[in-house]
Amino acid sequence: MAGRGRGAEEGEGTTAGVSERLLFVDMLPADAAPVSLPEPRPAKEILPPDGGGFRPASPTATITRLRRQLGRVSWPAFHRSIGNAATTELDRGIGFLLVPVFLAAGVIFYFSLNAEPDLYRPLAAVALMAVCALVSRSRPRTHLLFMAAFFCALGFLAAKVETWRAATPMLGSEIQTRLTGRLVSLEEMENGRVRLTIDVISTAHPKLRYAPERVRLSARKVPADMTAGSLLTGYARLLQPTGPVRSDSYDFSFDSYFSGIGASGFFLGNPKTIASEEAPATARLASAIEKARESIADHIRGLVGGPEGEIAAALIVGVRAGIPDEINEAMRRTGIYHIISISGLHMALVAGTIMLLLRGAFALFPDFASRRPVKKYAAAAALVSIAAYLVFSGIVVAAERSFIMLAVMLVAVLFDRAALTMRNLAISAIAVILVSPHEVVGPSFQMSFAATAALVGAYAGWSDYRADRTTAPPPKRSFLHFASRKLVMGMGGLAMTSIIAGSATALFAIWHFQRVSPLSLLANLAVMPIVSVVMFLGVASALTMPFGLDWPFLYLMGKGLTAMIAISGWISERSPVDAVGLISIQSVLFVTIALVIATMATTWLRLAAIPFALAGLLTVSNTRTPDVLISEDAHLVAMPIGGGELAVNRARSNEFTTDNWKRALVAETIVEPETFETGDARFDIDPLDLPPGSPFYCRDGLCLARHPSGAIVALAENRKTARPACAFADLIVIDDATAYSPCWNSLALVVTKRQLARSGSAAVFFDPQSATAQATIRYAVEKPYRPWHEQRKYSREARGLPPYQRPERPVVKLAPSAQ
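Residues numbered from 1 in each chain as written. Predicted model: local features only at pLDDT ≥ 70, side-chain atom pairs only at ≥ 80, totals over all residues. Heavy atoms only, no water.

S.K.: Outline the environment of Ala 458, supporting the account with residue identities and numerical values.
M.R.: Here Ala 458 lies in helix H16 (residues 443-468). With relative accessibility at 33%, the residue Ala 458 sits in the partly exposed group. (Helix = DSSP H or I, 4+ residues; strand = E, 2+ residues; numbered from the N terminus. Buried < 20%, exposed > 50% of the residue type's maximum accessible area, 1.4 Å probe, protein only.)

S.K.: I'd like a description of unusual backbone geometry, backed by residues and values.
M.R.: Each neighbour pair has its own omega, and for His 205 with Pro 206 the value is 0°, a cis peptide bond. Looking at the element boundaries, Pro 206 is found in the loop between strand E2 (194-204) and strand E3 (214-219). Put simply, Lys 783 and Pro 784 share a cis peptide bond, and its omega is 5°. Along the chain, Pro 784 falls in the segment after strand E18 (776-779). Of note, Asp 248 is a non-glycine position whose phi angle comes to about 65°, a positive value. Within the secondary structure, Asp 248 is located in the loop between strand E4 (231-239) and helix H7 (252-259). Assessed through its relative accessible area of 52%, Asp 248 is described here as exposed. Within the chain, Val 666 stands out as a residue other than glycine whose phi angle is a positive 55°.

S.K.: How would you sum up the side chain of Arg 792? Please name residues and give values.
M.R.: Of note, Arg 792 is situated in the segment after E18. Within polar-contact distance, the side chain of Arg 792 engages the backbone oxygen of Leu 756 at 3.4 Å. At 3.2 Å, the side chain of Arg 792 forms a polar contact with the backbone oxygen of Ala 757. The residues contacting Arg 792, other than those within four sequence positions of it, are Gly 243, Glu 632, Leu 756, Ala 757, Arg 758, Ser 759, Gly 760, Val 781, Tyr 785 and Ala 798. (Polar contact = N/O pair within 3.5 Å; in protein donor to acceptor, adjacent residues only side chain to side chain. Contact = heavy atoms within 4.5 Å.)

S.K.: Break down the pattern of salt bridges for me, with residues and values.
M.R.: Within the structure shown, the criterion is met by 17 salt bridges. Where Arg 214 meets Asp 199, a salt bridge forms, and the shortest distance between an N and an O atom there is 2.6 Å. Of this pair, Arg 214 sits in strand E3 while Asp 199 sits in strand E2, and the two are 15 residues apart along the sequence. Of the residues examined, Arg 214 reaches a relative accessible area of 28% and is grouped as partly exposed. Notably, a salt bridge pairs Asp 735 with Lys 753, separated by 3.4 Å at the nearest N-O pair. With Asp 735 in the loop between strand E15 (731-734) and strand E16 (749-752) and Lys 753 in helix H24 (residues 753-759), this pair connects stretches of sequence that are 18 residues apart. One salt-bridge network, held together by shared partners, links Glu 116, Lys 160 and Arg 786. (Salt bridge = Lys/Arg side-chain N within 4 Å of Asp/Glu carboxyl O.)

Written out as structure tokens, the structure is:
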């Protein structure tokens, strides 16, 4: 059953104007005494003694009355009130809504462990909790506790099984080899290079004993006849998956492990296609779909052209590697980058467009529409459409999750159930968690379900509020007044949607990306109407593309995207700095609990979300910013020196790493090192005379800098170069895997390349209260290794070996020929 605003319509077997939650109110027992109403009194009996009119109560009297009422509340009565409210929540189905919450808690607990557990313990825990839950059914409270523990253990087990099933072979060390494989996908990037995903068939010169099964490589150029499914070969440089660029940041190894990518790298020359052999049926089907995606993307680029063509291809078939970086950055700064990634917004617009077109077409035949469930026909067609959209968009994780969510809602329509309910959202979350548990710890899952839950909860609350109100029908007004009123209501609804979704996802965005979009509300209000029209045109172009009639829709789609790009660029130029730095994990946990309570509770128990929300806000800054950050290859060291500046030791540094560090340390400007030649007298200064906040000064393989706290940081190429720094440096980083600490002084913290290769990037913290205490260090990867970091111990650097040098071929000198 569904109430007004819940997807129900009059005349379709539902109760109009009745809230879904109001149908679950407690029923009176059969033998309950009739309720006696107070007898009405004459008006004169309720007038004040002096016969005058009513006077507003003073603030003092109001406060006194509230204190008197609160004083009457006893703990037993409050306890009974909590019990009654909890019983009401259970009757309304909150137990089922909490199932994905406990599943996600078990998944998060698994991925937060320091060591990999075996498979038998979670299996035993699931079986034990199931038995305890069955035995305790006669005791409701104990039964609920065991059910919660059961679902937590089930989530833990699902994550363990997914890790066991993935078992992706990961490359342990950088190497060059001749690779032969089958092309899975091909993407043209914005810089002109081509990114290839390849299933490895064989390697040679040298032959790898533990070769990865799938790799992702880039090439300058590929043959024109190379398409998905082609066999190719080429000499490539393979790189092992890297870890996080700092603690608690995005982990490339984790993502590669669950994506099946065992190595990345690039071709040293252009790859070549070779004679094809018969591929398995699944590979042929995947290749056919990928070829169709490539041809559609090329067709769209050819008709639309420019950045608009790249964005149109991303919206229709999910190919977004060619979008210029400046446009991507402008959309990120304005908070509308979610438009590019195919997710719930796109799926909903596609399904809504299909249903709108079909129901409009059915309305042209009133006799047929009045005798047939045309709404179900439209929902079934929308379900088929979003399934096709999922396939042709590349079946990325965000689109897969959005498809599950929307499919559940469309199936609910087929069975005469309300489409947009928290129960359907819970079913979608359960399906996603059990299919891809590792997505729970990613930003896409967290932000998507947080926004959707907040919107559904707010919409349900508003529907209940409207259902309780009795309003008179609006008077007839002019068409202009009617249109303007609808426009204002639509813009207000869009603004509230952006505010609710943005508030629910803000802390998750800060935790994962260390950035917020101050002008996201303005950008979404300006862009979302355009995006709705653009997606409608995209659906129309996809429907007419087989007949060659798509060019007018793609033309208009390109014009709409031009306006979207212009708006995002204009707002981005006026957007303030969006980097906000690091926040504590405790804050994220508190806010998550508050969001769960606020969106799922229907009684006054939702007020319990307030203390958790306040705790989350109060603990936002309960974290310490690193004083020095070191990359896992020991090539790059960064240090904030005040004034929004970040000093680095290299003039040419990794852009992704430095951008991440700038947002984490709230820095705006990169200060490059000053390099001196050998014998330059300007470098002959006492390091202790360097003023606090000095950037890096480099000469003869040694770079020196001074932190604002007074600590001296040294970066050396080898052990010999680092030895002089032992006399004055607080932190010494040696970019040499064969080196060990050259210092006898225990107060100097020495970090070698071998340590970083084993434990990942590092964050160093100085003690500003003590000039003699050694700095503390925290690595991004902890031991013992989890499966997605197991390959780290096999690299040459982790084993203390120098970089691999290919043996030089002997030069054979031929004797001069006899005359």
